[in-house]
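Fold and contact review
Here is what each chain is made of, one letter per residue.
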Amino acid sequence: IGDRWRMTSGDEAGISFAIKNIHTLRSIKDGVADIESQGEATSDTTSTLLMGYDVVADLTGQQQGSYSMDIRTGMLMNCKVSTEIEGKIQLMGRDIPVKISTGVTMNGRKIK
């Protein structure tokens, strides 16, 4: 309980992001681990082709999540992850303000 580990993930569909998370083991009950994560999202500041236009993104944000995982199988049982990102995209010499919000919820169960 209390152990922490770092994990970096990314998304390269469209604007490239790197999300650096720190995961913390909160508890283990009945063979299910409760894990919490918090992280920072940053965009790649190189030029990207988006909808036929070269754009440069300057975006940053936060990601928070909670996970329930079966410790025997490693199977993810439930999760809830939310990400809030803000910044600007430079397109044809203009700065366009951008705000991106995403959320993922997954609910599972054991079949006995």
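So, a few notes on the structure that sits alongside this text. These figures come from a predicted structure and were not determined experimentally.

Bringing the pattern of salt bridges into the picture now. Tallied over the entire structure, the rule returns two salt bridges. Between glutamate 36 and arginine 26 there is a salt bridge; the shortest N-O distance is 3.0 Å. Placement of glutamate 36 in strand β3 (residues 32-43) and of arginine 26 in strand β2 (residues 17-29) is noted, with a sequence separation of ten residues between them. Given a relative accessible area of 32%, glutamate 36 falls into the partly exposed group. Since its relative accessible area comes to 40%, arginine 26 is described here as partly exposed. Salt-bridge contacts for lysine 88 lead to aspartate 95; the nearest nitrogen and oxygen are separated by 3.6 Å. Relative accessible area serves as the criterion here: at 35%, lysine 88 is assigned to the partly exposed category.

What follows covers the environment of glycine 2. Structurally, glycine 2 can be placed in the segment before β1 (4-11). Not counting residues within four places of it along the chain, the set of residues in contact with glycine 2 comprises Thr24 and Leu25.

Turning to the pairing of β2, a few remarks are in order. In terms of strand pairing, β2 meets β3 through twelve bridges, oriented antiparallel. Among the inter-strand pairings, phenylalanine 17 is bridged to a residue of β3, identified as serine 43. The turn joining β2 and β3, which pair antiparallel and follow one another in sequence, is formed by two residues; a positive phi near 55 degrees is taken by aspartate 30.

Residues Ile15, Phe17, Ile19, Ala41, Val55, Ala57, Leu59, Ile85 and Ile89 constitute the largest nonpolar core, which totals nine residues. Going through the elements one at a time, β2, β5 (53-70) and β6 (76-91) are the ones with two or more residues in this core. Considering each element in turn, this core owes the most residues, three residues, to β5. With residues up to four places along the chain from it excluded, the contact list for isoleucine 19 reads Met7, Thr8, Ser9, Glu40, Ala41 and Gln63.

Along the polypeptide, aspartate 70 turns up in strand β5. Given a relative accessible area of 5%, aspartate 70 falls into the buried group. Here threonine 73 takes part through its backbone nitrogen, which lies 3.0 Å from a polar atom of the side chain of aspartate 70. If sequence neighbours within four positions are ignored, aspartate 70 has contacts with Gly31, Met75, Met77 and Lys110.

In this fold, serine 43 is placed in strand β3. Accessibility expressed as a relative area gives 11% for serine 43, which makes it buried. Taking the C-alpha atoms as reference points, serine 43 and glycine 10, 33 residues apart in sequence, are found 9.5 Å from one another. Once you skip the residues sitting within four places of it in the chain, serine 43 turns out to touch Ile15, Ser16, Phe17, Ala57, Asp58 and Leu59. Reaching out from serine 43, the side chain makes a polar contact with the backbone oxygen of alanine 57 at a distance of 3.3 Å. Only 2.9 Å separates the side chain of serine 43 from the backbone nitrogen of leucine 59, close enough to count as a polar contact.

Criteria and cut-off values
- Residues numbered from 1 in each chain as written.
- Predicted model: local features only at pLDDT ≥ 70, side-chain atom pairs only at ≥ 80, totals over all residues.
- Heavy atoms only, no water.
- Salt bridge = Lys/Arg side-chain N within 4 Å of Asp/Glu carboxyl O.
- Helix = DSSP H or I, 4+ residues; strand = E, 2+ residues; numbered from the N terminus.
- Buried < 20%, exposed > 50% of the residue type's maximum accessible area, 1.4 Å probe, protein only.
- Contact = heavy atoms within 4.5 Å.
- Pairing = 2+ DSSP bridges.
- Core = buried A, V, L, I, M, F, W, Y, C linked by side-chain atoms within 4.5 Å.
- Polar contact = N/O pair within 3.5 Å; in protein donor to acceptor, adjacent residues only side chain to side chain.

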